Amino acid sequence: MDQPLTRPQYVRWRTAVFAIFLASGLSIATWASRVPDIKTALAIENSQIGLLLLGMGVASIIGLSMASVVIARFGTRRGMLGAMLVFAVGVALIGLGTDVWGSFPVVVLGLALFGFGNGAVDVMMNVEGAAIETHSGKTILPLFHAFFSFGTVIGAGLGALAAALGVDVAVHALVITVAIVVIAATAFVAVPARETAGDPVDEAKPRWRERLGVSLAAWREPRTYALGVIMLGMSFAEGGANDWLALGVSEEHGGGATLGAAALAVFSVAMTVVRVFGGPLVDRFGRVATLRVLSATAAVGILLFILAPNLPLVFVGAALWGVGASLGFPLGMSAAADDPAKAAARVSAAATIGYVAFLAGPPVLGFISDRIGLLNTLYILVALVVASGIASGAARPLPGSTVGAGHRHDHVEGPRG
């Protein structure tokens, strides 16, 4: 049985997982912010950058899919440590491959490790965050995802500063690598071993083959796919905004590059603010009601962005788009983790569906936009976020869950037929 935690132990646990989310965002923004310098140093073309992104994306999906297997064998605590060390090595290899060895294959290897480690730790840190929700009885996964956003902001800022000062990618990457390793080691000490997550106990080795069977069983549950629809729609909305919103303002609405960047900033700030403050709203009104309202908000925001006759309304649309897309992914993760014994398997399966959309969606939108125009293509996002809202009933807390039901319920309802 899991041992009760003291208040200081709980605070250290929660702080450690905040730091893990931040470290993941930091690493991703570090890579993204130095892509122009990497391209110049390696003398490669955009097509080769595309190959790097493809390799990283495939490795990320493999990491997502393998996370539940790793948890079954080693436990969430040791799994997170290992995955963070893997993507830390990946960051280091990206830097060394760029400036020390000047080797495209080394950078490919670095991005493969980077993608695999980040994909795996994404599932594990969400499982851990869901366990903290269960312990506290409050919805806080959105706040964990806000710390991921903080990490990307910090990483992008440090990357811009390093580029402006002419700091080599290798030096920059090694500094970030050290920071990630320190966070990983510190978090490992603060995160408790939890039997329900498959963490090994002293008395007996875990029956990992049985747990592996449970992880595969998640793919046979209809609820997994319904949660996947929720996360797919919102992942498309978030990924589509990250890659195409600025271009839509700049070219389709005639705002220019500066206003395009400003509109993307408005979207990002709106999303982050709701993630910081959204947990209490979910606890008050419940996951399902919150998801339905936010999917409607996202649909209205995207439609306004497409149809707005002037730039001020375009910016209002961008803000509503960010608000609406903010909680779908973290609440889908939270719902997938309602049963602690099956959390790793269900989070891994649902996250894989969502991340395939996040990684593959924007290129697909780009391909379609070449044929029908960018703004017309965004109607696809409207349809997907509406589908996400329709599927939101799947996020209703399972019997026994204390998180995400809303204050008006005396007990948690089971799934309805």
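Above: the structure in question.
One structure accompanies this document, and this report is about it. (Residues numbered from 1 in each chain as written. Predicted model: local features only at pLDDT ≥ 70, side-chain atom pairs only at ≥ 80, totals over all residues. Heavy atoms only, no water.)

### Observations concerning the overall build of the protein
A tally of regular secondary structure across the protein gives 16 helices and zero strands. Sorting the 417 residues of the protein into buried and exposed places 51% on the buried side. Long-range pairs, those at least 24 residues apart, make up 81% of the contacts in the protein between residues at least 6 apart in sequence. When the accessible area of the protein is evaluated, it comes to approximately 17,500 Å², of which 68% is carbon and sulfur surface. (Helix = DSSP H or I, 4+ residues; strand = E, 2+ residues; numbered from the N terminus. Buried < 20%, exposed > 50% of the residue type's maximum accessible area, 1.4 Å probe, protein only. Contact = heavy atoms within 4.5 Å. Areas by Shrake-Rupley, 256 points an atom, 1.4 Å probe, with all protein chains shown as cover.)

### Thoughts on the packing of aromatic side chains
Under the counting rule described, the total for this entry stands at six aromatic pairs. A ring pair is formed by F21 and F144, whose centres lie 5.4 Å apart and whose planes are at 20 degrees; its orientation type is stacked. Residue F21 is located in helix 1 (residues 7-33), and its partner F144 is located in helix 6 (residues 141-164); the two are separated by 123 residues in the primary sequence. Note on accessibility: F21 and F144 belong to one class, buried. A ring pair is formed by F147 and F150, whose centres lie 5.3 Å apart and whose planes are at 70 degrees; its orientation type is edge-to-face. Of this pair, F147 and F150 are both found in helix 6, three residues apart, which corresponds to roughly one turn of the helix. Overall, the relative accessible area of 23% leaves F147 in the partly exposed class. The partly exposed category is assigned to F150, whose relative accessible area is 32%. (Phe/Tyr/Trp six-rings, centres within 6.5 Å; stacked < 30°, edge-to-face > 60°.)

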